[in-house]
Amino acid sequence: MFDLLITHANLPDGRTDMAVGIRAGRIETVAPSAELASAQAVQSCDAQGQLLSAPFADAHFHMDATLSYGLPRVNQSGTLLEGIALWGELKPLLTVEALVARALAYCDWAVAKGLLAIRTHVDVCDDRLLAVDALLEVKRQMQGIIDLQLVAFPQDGYLRSANAVANLKRALDKGVDVVGGIPHFERTMADGAASVPMLCELAAERGLLVDMHCDESDDPLSRHVETLAFETQRLGLHGRVVGSHLTSMHSMDNYYVSKLLALMAEARLGVCANPLINITLQGRHDTYPKRRGMTRVPEQLAAGLTVAFGHDCVMDPWYSLGSGDMLEVAHMGLHVAQMTSQAGMRQCFEAVTTSAAKLMHLNDWVTDWSQAKGKAAHLVLLQATGPIEALRLRATRLKVWRSGKLIAESAPAQSQLHLPDRAASTQFRLR
Ligand code: FE2
């Protein structure tokens, strides 16, 4: 007897008409629907040929800044640097209550969109560490619904900002999970390069993961990712370090990148691109042609690296749009990286689901459907027949389950038509 039996589902790996049996919050069986035709279950769901996926995971976000758009003013230039300055104006005005309220509002959006894991950077450069306290509270309140990972992020520079070294340690002592950094924002290239081993050593000492904002510029000589990959190997942190953004790789010399990719692969460095934000913030110093600025995703995948797409920002000093829809993120990534082949589009879907879960070390999640047995029954049913259609339609999340329990549902998207001699409605498919 299952607690929940989902039948007639398509899976992201291409298998169709599959059934998933869930007991005690875990996936017990994945088999063709016909094999489980007589199985008993407390609750059942006929997926009717729609896509059943692992939930969306966002490997790069800023929940302390989210939904603050317009506070205290709007970013006029649209650049990263004005965004950082604007965030600096907002910081003294922050309260724990307002931070928690905005973050929880975003968590509601996330759950509705089937986004059940978020790695959020949290600024540690305010001596009060208000944002740290607020997001630890949000993490506590969302426990069992959203896997929230906090990254200690020295937004104003680890060596550049007074007290950042001490404050980052204080944040880790309070329970922040991951060590962050921002080498390209330090005062000099040398300071940037010096910050990387300091932060990696801190992570190694404490047994923590690393996720650094790294080389978020169009400067082809911003090469801190090289130091990050080297330090990852020197300290034996293989597979435990993520380079976020890496936008300078877009502008680097091709020969240098060919050497760099091998170093990154040896370190098993994770990569998180942020397509919506990269296409918005990068290239702002260009006239024409304007660079796209996103890191070299297809080449990184070809080198064997795990690459995720993050949302980074929603309605904050850097980005005025967004709704927590990771399919929108993947859709932009697909276009910017020109990943238009069938395989490429599937990789874009993975970049916001299983690849993101791998970068976040969500070992309890389904990251490979052939190994789903025993994993947590965190699942999303999408109004799409497969990953490519899900991307095309930014598909409605029909149902969202956490540990086999339904936590959100949405009505199917459908438009009624009032046309003579045509169908009464359409769901944006041929039939
Ligand atoms: Fe970021």
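A. Structural detail: the packing of helix α4 (residues 164-174) against helix α5 (residues 189-206). Where α4 contacts α5, the two axes come as close as 12 Å, and the packing angle between them is 25°. In terms of orientation, α4 lies roughly parallel with respect to α5. Of the two elements, α4 crosses α5, and the hand of that crossing is right-handed. Note on element contacts: α5 touches α4 through L199, L202 and R206, opposite L168, K169, L172 and D173. Here the residues of the contact of α4 with α5 sort into four nonpolar, no polar and three charged.

B. Layout of the sheet that holds strand β2 (residues 18-23). Within the open sheet, the four strands sit side by side as β3-β2-β1-β4. Their pairing is mixed. Pairing within the sheet leaves two strands with one partner each, and these edge strands are β3 (26-32) and β4 (41-46). In this sheet, neighbouring strand axes are inclined to one another by 20° on average, regardless of whether the strands run parallel or antiparallel. Note that strand β1 (residues 2-9) and β2 share four bridges and pair antiparallel.

C. The arrangement of the coordination of the iron ion in detail. For the iron ion, the protein coordination sphere consists of H60 (NE2), H62 (NE2), H213 (NE2) and D312 (OD), at 2.1 to 2.5 Å. Every donor counted, the four donor atoms about the iron ion form angles of 84 to 176° at the centre, which fits irregular coordination. Of note, the donors binding the iron ion are all from one chain and are spaced H-x1-H-x150-H-x98-D. In this structure, H60 and H62 share a single accessibility class: buried.

D. Seen up close, helix α11 (residues 326-336). Of all the residues in α11, the buried ones are M326, L327, V329, A330, G333, L334 and V336. Regarding α11, its N-cap is D325, as a side-chain oxygen of that residue lies 2.9 Å from the backbone nitrogen of L327 further along. Of the residues flanking the end of α11, it is Q338, one or two places downstream, whose phi is positive at about 55°.

E. Focus on the side chain of D64. Along the chain, the position of D64 falls in the loop between β6 (56-61) and α1 (80-90). Buried D64, no salt bridge; nearest opposite-charge side chain is K91, N-O distance 7.8 Å. Of the polar contacts made by the side chain of D64, one reaches the backbone nitrogen of D123; its length is 2.9 Å. Residues within four places of D64 in sequence aside, it is in contact with W87, L99, T120, H121, V122, D123, A131 and L135.

Thresholds applied
Residues numbered from 1 in each chain as written. Predicted model: local features only at pLDDT ≥ 70, side-chain atom pairs only at ≥ 80, totals over all residues. Heavy atoms only, no water. Axes fitted to C-alpha atoms, helices over the stretch in contact; angles between N-to-C directions. Helix = DSSP H or I, 4+ residues; strand = E, 2+ residues; numbered from the N terminus. Parallel < 35°, antiparallel > 145°, perpendicular 65-115°, else oblique. Left-handed = near helix turned anticlockwise from the far one by under 90°. Contact = heavy atoms within 4.5 Å. Nonpolar A, V, L, I, M, F, W, Y, C, P; charged D, E, K, R; others polar. Pairing = 2+ DSSP bridges. Donors = N, O, S within 2.8 Å, 3.2 Å for Na, K, Ca; no water. Tetrahedral: all angles 85-135°; square planar, octahedral: opposite > 155°, others 65-115°. Buried < 20%, exposed > 50% of the residue type's maximum accessible area, 1.4 Å probe, protein only. Polar contact = N/O pair within 3.5 Å; in protein donor to acceptor, adjacent residues only side chain to side chain. Lys, Arg positive; Asp, Glu negative; His and termini not counted. Salt bridge = Lys/Arg side-chain N within 4 Å of Asp/Glu carboxyl O.

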